[in-house]
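What follows is the residue order along each chain.
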Amino acid sequence: MTSDSDRSGGPSPTNVPPDDLSRRLTVARPDSDDTLPHIGLVGDTYTVLVRGEDTAGKYTLIDMHVPPGGGPPPHRHDFEEMFSVLEGEVQVTFRGETMTARAGETINVPANAPHAFTNAGDAPARLLCLCAPAGQEEFFLLVGQTVGTRTQPPPPLDADAQAEFIATAQSLAPRYRTELLPPPGAGAS
């Protein structure tokens with residue numbers, strides 16, 4: 001007779017699917033691997049460490065270099081997003097409430113919740129961002145600018161390029177289950 005649980009009460013090892021030999025180990029070296037994409041976006045530089053194609057679509061992992069004053073505008077999306085602050089600190093606004101996340105701290109943003117973060121400090125911040133399921137990295141690759149390294153800032157955009165960036169981001173956001181939100185106070189009378 002076959003049991004569905006082992007002696008500890010957990011699932012039986014026979015319920016674990018066999019190893020998928022078509023999947024490979026992924027190793028990311030953001031400071032030396034020339035094949036990793038470095039993307040300049042909203043003044044920040046995001047390096048895609050692990051793409052959805054590496055995880056069967058389960059998640060993506062992004063190394064974020066956020067200079068003072070940097071960070072994305074308010075937005076929300078239909079997937080989980082978790083940040084671990086490796087260096088520096090960021091002010092996180094979640095559903096209208098603001099808090100500070102410092103090096104060594106991790107925050108999880110539930111799917112669909114409005115949020116933003118800003119580096120309000122004097123030094124760059126470095127975050128690891130995990131999005132599950134994957135897909136956010138594809139959005140970043142389509143709307144961002146390629147830069148040479150993990151810490152290289154994107155070139156500044158003139159007014160026409162900024163308008164084009166905004167139009168592209170707004171048109172692609174729904175395809176990537178993202179909604180770009182107005183800044184706080186916009187549209188208020």
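Up top you'll find the structure we're talking about.
Values in this document were obtained by computation on a predicted structure and should not be read as measured data. (Residues numbered from 1 in each chain as written. Predicted model: local features only at pLDDT ≥ 70, side-chain atom pairs only at ≥ 80, totals over all residues. Heavy atoms only, no water.)

Engineer: Let's hear about unusual backbone geometry: which residues, and what values?
Structural biologist: Of the consecutive residues A132 and P133, the connecting peptide bond is found in the cis state with omega at 0°. Note that P133 resides in the loop between β10 (125-132) and α1 (136-143). In this structure, V42 takes a positive phi of about 50° despite not being glycine. For V42, the position within the fold is in the loop between β1 (38-41) and β2 (44-50). Overall, V42 belongs to the partly exposed group, its relative accessible area being 35%. Positive phi outside glycine occurs at R177, with the angle close to 55°. Taking relative accessible area as the criterion, R177 reaches 36% and is therefore assigned partly exposed. (Helix = DSSP H or I, 4+ residues; strand = E, 2+ residues; numbered from the N terminus. Buried < 20%, exposed > 50% of the residue type's maximum accessible area, 1.4 Å probe, protein only.)

Engineer: So what about the packing of α1 against helix α2 (residues 159-172)? Which residues, and what values?
Structural biologist: Between α1 and α2, whose axes approach to 10 Å, the crossing angle comes to 150°. As far as their axial angle goes, α2 and α1 are roughly antiparallel. Here α1 runs over α2; the crossing is right-handed. On α2, the residues touching F139, L142 and V143 of α1 are F165, T168, A169 and L172. Here the contact of α1 with α2 is built from residues that sort into six nonpolar, one polar and no charged. (Axes fitted to C-alpha atoms, helices over the stretch in contact; angles between N-to-C directions. Parallel < 35°, antiparallel > 145°, perpendicular 65-115°, else oblique. Left-handed = near helix turned anticlockwise from the far one by under 90°. Contact = heavy atoms within 4.5 Å. Nonpolar A, V, L, I, M, F, W, Y, C, P; charged D, E, K, R; others polar.)

Engineer: Summarise α2; cite the residues concerned and give the values.
Structural biologist: With 14 residues, α2 extends 20 Å from end C-alpha to end C-alpha; this agrees with the ideal 20 Å at 1.5 Å per step. Burial in α2 covers these residues: F165, A169 and L172. Projected onto a plane normal to the axis of α2, the buried residues spread over an arc of 75° and lie on a single side. Among the exposed residues of α2, those oriented more than 90 degrees off its buried face are A159, D160, E164, Q170 and S171. Looking at the packing, one finds that the buried side of α2 touches β1, α1 and β12 (178-180). The backbone nitrogen of D160 has a side-chain oxygen 3.1 Å away, supplied by the residue at the start of α2, namely D158. (Expected span 1.5 Å × (residues − 1). Arc of directions from axis to C-beta. Polar contact = N/O pair within 3.5 Å; in protein donor to acceptor, adjacent residues only side chain to side chain.)

Engineer: So what's going on with the pairing of β1? Which residues, and what values?
Structural biologist: Covered by surrounding structure in β1 are H38 and G40 together with I39 and L41, the residues of both alternating faces. Relative to β2, β1 runs antiparallel, the two sharing four bridges. Bridge pairing in β2 links G40 to T45. When β1 meets strand β11 (residues 145-146), the two strands line up antiparallel, connected through two bridges. For G40, the partnering residue across the bridge sits in β11 and is Q145. (Pairing = 2+ DSSP bridges.)

Engineer: Pulling in residues and values, what's your account of the packing of aromatic side chains?
Structural biologist: For the structure shown, the criterion picks out four aromatic pairs. Ring geometry for F83 against F117: centres 5.1 Å apart, planes inclined by 70°, an arrangement best described as edge-to-face. One end of the pair, F83, is in strand β5 (residues 80-87); the other, F117, is in strand β9 (residues 115-118), and 34 residues separate them in sequence. The pair F83 / F117 is uniform in exposure class, with both members buried. Among the aromatic side chains, those forming a connected cluster through ring pairs are Y46, F139, F140 and Y176. (Phe/Tyr/Trp six-rings, centres within 6.5 Å; stacked < 30°, edge-to-face > 60°.)

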